[in-house]
Amino acid sequence: MKYKISSILKIFNLITIIAIITSIGISFSIHKKATAESTKQELTNTAVLLTPIITEKLGNSDIDDYINSITKNSELRITLIDQVGVVIADSSKDKELLSSHLNREEVTMAKISGKGDAVRFSESINTDMMYVALRFSHEGKIYYLRTSMPLKSIDLFANSFIKNFIFAGVIILISSLFLNLILTLRISRPLKAITETATAYSNGDFSQKIYFDNPKEFMILSQTLNNMAMNLEKKIRQIIRRKKEFESIFNSINDSILVFDKNLILLRCNKKAKRTFKLSKENYGKSSLIRIFDNTILLDTARKVLKEKEIQKITFEQTQQGQPKILQTHLSFFNYNKNDSILLVIDDISKIKKLETIRRDFVANVSHELKTPITSISGYLETLIDNPDADKETVRKFITTAHNNTLRLTEIINDILILAKLEEETLNKEDLKSTNIYDFLCNIKDEISEQLAKPGTISIDCDKELLWNISPNLIAHAVKNLIQNAFKYNENIPEVEIKTQIIENSLIIKVKDNGYGIAQEYKERIFERFFRLDSGRSRDKGGSGLGLAIVKHIIIAHKGTINLSSSPSGSTFTIKLPTAE
């Protein structure tokens, strides 16, 4: 129930008025009753005092004069009645005119108990009277002495009492209203100020302060509120700071974190989860676990965690943006906002699994590639050992073959070491040098032309003033490899075109040949370690099978990219090197 201080004061005023009226009524009733009792007692005492005197005067003719003398100048009335109700004497009326009083109420009571009283209207004197009658006997006869008094004296007292009480009540009411006014000014205004300040505090505005010197209670209350505001502001700042710290940590974690309620409806998630699963705040309270992941095994595991409250770990696959992903998920029971919830920490291990596959394939390929020359070397040497008397030409042939396989083995090992170094190390800004690309490509052309085993042409289309930050040795290794492959795997007379241009702040180097091209399905695999389009023919032409993998890692080390476009009339390798930051 809502109410205001002003309403309370109005109610207080109304209660005050009712209390005053009630007090007047009760007091009037009490005082009227007390006055009536006092009058009755006075009449009784008078009757008791007069009874012996009246007894002595019975039979005397001056009894009327005596009664009149007693009641002279007073409102007291005395009546003497015999046992049959005849009025013997009366101070207010001629006894001859009065009828029998034996049936009067007070006389009837006195006849029974010796004393009687009554209040009624007197027709003989036309006013309300209070009567008291005493029974006494004289010379064997019964008499009744009755004293009475008009009630108008009591009414006069009551009227006077009411006037005085009303006057006092008005004074009290005025004083009460004045006090209420003071209370309104002394309480309502401070309370209004306190209410406004408290409202500001509830809205997060703690800049307002209140001060009261008097009364003491409001001074204490204002100090308490100010201290509360200061402490609240401090606590809120701490909570906000901790919340920001938590949000920063929560969103900086590289794993996807999602919180679901007991009905497996999403409550919140971090930035990584939003990016990975295309979620936003609009999904909170709406999206279910099965809708996000569409995986019944994960759903059953989540239900198990909620039931048993134990940590579970599963790995499942999900397609994201057309790419299959392997997700390793930790599920644990979680109390979120005092409600049963479940916490999912999801790690994308697709790259790890891919690397494990590459490592296994690499080990297998290395083993296979090394095994071939080692087997050849071992076979020829064993043959020579078993045939010490072989002719010189055979010995020379076997040793030459073993030596060539040794060179091939050395080439494979060297390429493996180069590839491992490229994977472990990153290029820094200090490793890059400003290089004239035209002179750089011309030097490569001159150097490689002397090493080529068959005739062909190499043309260069490049701005002679073009400068770019590169690692000359690594880029030279990459370009040489592309040119050598263009000559090596070409049944025609090789024609290699090297063209450079600047596009979107990146250096583009295109190496185009006129070979037999590379099929579309091998465009990506061509850069894998030990991958060969034609294994037998590639081995016959030499090489470790790691050349293009090394080229790719050299370009990646420069934070660039390399792409292949091919057709039956030739292939084009496009190298893109961005501006060094």
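Residues numbered from 1 in each chain as written. Predicted model: local features only at pLDDT ≥ 70, side-chain atom pairs only at ≥ 80, totals over all residues. Heavy atoms only, no water.

Right, let's talk about the overall build of the chain for a bit. When helices and strands are tallied, the chain shows 14 helices and 17 strands. Counting only residues that meet the buried cut, the chain has 36% of its 581 residues in that class. Accessible area for the chain stands at about 35,800 Å²; split by element, carbon and sulfur atoms hold 54% of it. (Helix = DSSP H or I, 4+ residues; strand = E, 2+ residues; numbered from the N terminus. Buried < 20%, exposed > 50% of the residue type's maximum accessible area, 1.4 Å probe, protein only. Areas by Shrake-Rupley, 256 points an atom, 1.4 Å probe, with all protein chains shown as cover.)

Ile483 and Leu577 are the most contacted members of the largest nonpolar core, which totals 40 residues. Looking at this core element by element, the count peaks at eight residues for helix α12 (residues 472-488). When sequence neighbours within four positions are dropped, the list of residues in contact with Leu577 reads Trp468, Ile470, Ile475, Ser506, Leu507, Ile509, Ile555 and His558. With 23 residues, the next largest nonpolar core counts Leu264, Cys269, Ala273 and Phe293 among its residues. (Core = buried A, V, L, I, M, F, W, Y, C linked by side-chain atoms within 4.5 Å. Contact = heavy atoms within 4.5 Å.)

On to the pairing of strand β1 (residues 77-82), then. Among the six residues of β1, six are classified as buried, and the element is accordingly described as predominantly covered. Of the two faces of β1, the one holding Arg77, Thr79 and Ile81 and the one holding Ile78, Leu80 and Asp82 are both buried throughout. Bridge count for β1 against strand β5 (residues 141-150) is six bridges, and the pairing is antiparallel. Across the sheet, residue Asp82 finds its bridge partner in β5, namely Tyr143. Linking β1 back to strand β2 (residues 87-90) in an antiparallel pair, the connection comprises four residues, with Gly85 at a positive phi of about 95°. (Pairing = 2+ DSSP bridges.)

Overall, the coordinates contain five aromatic pairs when judged by the stated rule. One cation-aromatic arrangement involves Lys57 over Tyr66; the distance from NZ or CZ to the ring centre is 5.0 Å. The aromatic ring of Tyr131 is capped on one face by Arg120, whose charged end is 4.2 Å from the ring centroid. (Phe/Tyr/Trp six-rings, centres within 6.5 Å; stacked < 30°, edge-to-face > 60°. Lys NZ or Arg CZ within 6 Å of the ring centre and 35° of its normal.)

We note that Lys309 has phi near 55°; this positive angle belongs to a residue other than glycine. Tracing the backbone through its elements, the reader meets Lys309 in the loop between α8 (296-308) and β8 (312-320).

Positionally, Asn436 belongs in strand β11 (residues 433-436). A polar contact is formed between the side chain of Asn436 and the backbone nitrogen of Tyr438, at a distance of 3.1 Å. The residues touching Asn436, leaving out its near neighbours within four places in the chain, are Lys464, Glu465, Leu466 and Leu467. (Polar contact = N/O pair within 3.5 Å; in protein donor to acceptor, adjacent residues only side chain to side chain.)

The strand order β2-β1-β5-β4-β3 describes an open sheet built from five strands, whose pairing is antiparallel. The sheet is open, and its two borders are formed by β2 and β3 (115-122), each paired with just one other strand. Recorded for the sheet is a direction-independent mean angle of 20° between the axes of neighbouring strands. With three bridges connecting them, β1 and β2 associate as antiparallel partners. (Axes fitted to C-alpha atoms, helices over the stretch in contact; angles between N-to-C directions.)

Counted by the stated rule, this structure contains six salt bridges. Put simply, Asp90 and Arg77 hold a salt bridge, and the shortest N to O gap is 3.1 Å. Linking Asp90 in strand β2 with Arg77 in strand β1, this pair joins segments that are 13 residues apart in sequence. Each member of the pair, Asp90 as well as Arg77, is classed as buried. The shortest N-O distance in the salt bridge between Lys480 and Glu447 comes to 2.5 Å. Of the two residues, Lys480 sits in helix α12 while Glu447 sits in helix α11 (residues 437-449), which places them 33 residues apart along the sequence. (Salt bridge = Lys/Arg side-chain N within 4 Å of Asp/Glu carboxyl O.)

Quick look at the sheet that holds β8 now. The sheet built from five strands is open, its strands ordered β7-β6-β10-β9-β8 with antiparallel pairing. Each edge of the open sheet is held by one strand with a lone partner, namely β7 (266-269) and β8. Adjacent strand axes in the sheet meet at a mean angle of 30°, parallel and antiparallel pairs treated alike. As paired strands, strand β9 (residues 323-336) and strand β10 (residues 339-348) are joined by 10 bridges and run antiparallel to one another. Residue Gln328 lies in a different strand from β10, and its bridge partner there is Asp347. In this fold α8 packs onto β6 (256-261), β8, β9 and β10, with an angle of close to 15° to the strand it touches most, β9.

On to the packing of α12 against helix α14 (residues 547-557), then. Relative orientation of the contacting elements α12 and α14 amounts to 145°, with a least axis distance of 9 Å. The crossing of α12 and α14 is left-handed. Along its contact with α12, which presents Leu474, Ile475, His477, Ala478, Asn481, Leu482 and Asn485, the element α14 presents Gly547, Leu548, Ile550, Val551, Ile554 and Ile555. Across the contact of α12 with α14, the residue classes break down as nine nonpolar, four polar and no charged. (Left-handed = near helix turned anticlockwise from the far one by under 90°. Nonpolar A, V, L, I, M, F, W, Y, C, P; charged D, E, K, R; others polar.)

Okay, α11 next. Helix length check: α11, at 13 residues, gives a terminal C-alpha distance of 18 Å against a target of 18 Å (1.5 Å per residue), a fit within 8%. Here α11 has its buried residues at Ile437, Phe440, Leu441, Cys442, Ile444 and Ile448. On its buried face, α11 is in contact with β11, β12 (457-461), β13 (467-470), α12, β14 (495-503) and β15 (506-512). By the N-cap criterion, in which a side-chain oxygen at the helix start approaches the backbone nitrogen of a residue two or three places on, α11 is capped by Asn436, the distance to Tyr438 being 3.1 Å. (Expected span 1.5 Å × (residues − 1).)

On to the environment of Phe293. Locating Phe293 in the fold gives a position in helix α7 (residues 289-293). On the basis of relative accessibility, which here comes to 3%, the residue Phe293 falls in the buried class. The contacts of Phe293, once residues within four sequence positions are left out, are Leu258, Phe260, Phe277, Leu298, Phe316, Gln318, Leu344 and Ile346.

Turning our eyes to something else, we now look at a positive patch on the surface. Taken together, the side chains of Lys234, Lys235, Arg241 and Arg242 make up a positively charged region of the molecular surface. Positionally, Arg242 belongs in helix α5 (residues 216-252). (Patch = residues over 30% accessible without salt bridge, like charges linked within 9 Å, V, L, I, M, F, W, Y side chains within 5 Å. Lys, Arg positive; Asp, Glu negative; His and termini not counted. Charge placed at Lys NZ, Arg CZ, Asp CG, Glu CD.)

A word on a nonpolar patch on the surface. A cluster of nonpolar side chains, contributed by Met228, Leu232, Ile236 and Ile240, occupies part of the molecular surface with about 300 Å² of accessible area. Topologically, Ile236 is positioned in helix α5. Given a relative accessible area of 34%, Ile236 falls into the partly exposed group.

When pLDDT is averaged along the chain, the result is 80; 86% of the residues meet or exceed 70. Taken element by element, the predicted model of the chain shows its lowest mean pLDDT in helix α13 (residues 535-540) (46) and its highest in β15 (92). Confidence drops under a pLDDT of 50 for residues 535-540, and excluding neighbours within four residues, the segment shows eight contacts in the predicted structure. (pLDDT = per-residue confidence, 0-100.)

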